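Results of the structural survey
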Amino acid sequence: MPNYDYHDALETLNYMKRIIPFTPKTAIVAGSGLADVADMVEGAITLYAHMIPNWPGSTAPGHSGRIIAGTIHGRPVIFLQGRVHFYEGYDMKAVTFPTRIIGMLGVKEYIATNASGAINTSYTPGEIVAIRDHINLMGANPLTGRNNDDWNERFPDMTHAYDPGMLKIFDGLGLKQGIYAAMHGPSFETPAEVNMLRILGADLVGMSTVPEVITANAMGMRVAGLSCAANMAAGVDPDHTLTGQEVLEVVSKSALKMAGIITALIDRLNQE
Ligand code: HPA
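Now for a description of the structure that goes with this document. Just so it is clear, the model here is predicted, and its values are computed rather than measured.

**Considering the side chain of Thr215**
Within the secondary structure, Thr215 is located in helix α6 (residues 210–218). Residue classification places Thr215 among the buried residues on the basis of a relative accessible area of 0%. Of the polar contacts made by the side chain of Thr215, one reaches the backbone oxygen of Pro211; its length is 2.9 Å. What Thr215 contacts, discounting residues up to four positions off in sequence, is Thr96, Thr99, Arg100, Pro142 and Leu143.

**Focus on the site of the ligand**
Around the ligand sit Ala115, Ser116, Gly117, Phe188, Glu189, Val205, Gly206, Met207, Asn231, Leu242 and Val247, and those are all the residues in its vicinity. Contacts to the ligand include Ala115, whose backbone N or O atom sits 3.5 Å from a nitrogen atom. Within the backbone of Ser116, one N or O atom sits 3.4 Å away from a nitrogen atom of the ligand. With the chains in place, 95% of the 260 Å² that the ligand exposes on its own is no longer accessible. Counting residues per element, the ones that place at least two in the shell around the ligand are β5 (109–118) and β8 (204–206). For the shell around the ligand, the element with the highest residue contribution is β5, accounting for three residues. Looking at the shell around the ligand residue by residue, the class counts come to six nonpolar, four polar and one charged.

**Considering the environment of Asp5**
In this fold, Asp5 is placed in the segment before α1 (6–19). The partly exposed category is assigned to Asp5, whose relative accessible area is 29%. Measuring from C-alpha to C-alpha, the distance between Asp5 and Lys93 comes to 7.4 Å, with 88 residues separating the pair along the chain. With residues up to four places along the chain from it excluded, the contact list for Asp5 reads Phe97 and Trp151.

How each quantity is defined
- Residues numbered from 1 in each chain as written.
- Predicted model: local features only at pLDDT ≥ 70, side-chain atom pairs only at ≥ 80, totals over all residues.
- Heavy atoms only, no water.
- Helix = DSSP H or I, 4+ residues; strand = E, 2+ residues; numbered from the N terminus.
- Buried < 20%, exposed > 50% of the residue type's maximum accessible area, 1.4 Å probe, protein only.
- Polar contact = N/O pair within 3.5 Å; in protein donor to acceptor, adjacent residues only side chain to side chain.
- Contact = heavy atoms within 4.5 Å.
- Near = heavy atom within 4 Å.
- Areas by Shrake-Rupley, 256 points an atom, 1.4 Å probe, with all protein chains shown as cover.
- Nonpolar A, V, L, I, M, F, W, Y, C, P; charged D, E, K, R; others polar.

Read these as spatial facts, not as claims about activity.
This is the structure in structure tokens:
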């Protein structure tokens, strides 16, 4: 088992650099059901998680573990089809290892996508919401432990964890914005927990993304989060039972919309 430390990351980086002959500017990480968003990557070089030294393999449904390097509208990108989760039993270092490699490759913008439950009742299932801030309730932080100053700051500022420039672009595309609460999972929340999250100010709840966002910020990347509100959170409709299958189905139907938003974002970034 790798330690997912700096030494392991250098080995992984070395391998990736031999296969990918350019420096990606933007990284896109696709969550549950959003793997098809990868179809928009042109001239793709595809790697598989199991081929890459130290790369953690996902056990979650809808997470294929492909890594695709290519371009979108001329912009060099790296696309991660799937991520690993804290609830799979991976520790925070493993969960954020791909984010570390992305940062070390020289990526400037980190775009995380995910599926979530909607706490805010103005959202409808399948809607894509721009994450404008988060609440970390996972009970852990990926930067825990002795700090390596070559890798990240010890105390990164999180005031603008979600890049204001990219949020403005999403605003221009007509997306609503929301606060994402990250829970450990894998059980869905109880209605009482959803109520608590609403009181805390959360609009969306999910089981991913926040560790990556913390790490990407600490490494100096600009971060955006796009969340597909797959279902109304537990208890919003008391007669509704949540299933992982339903989440995947709803999100898959929004994959094209997600791809359109990401392409529009990239067009705007190309003009910067
Ligand atoms: N809760 C947590 N994570 C989720 C949900 C939810 O309701 N829907 C999709 N991911």
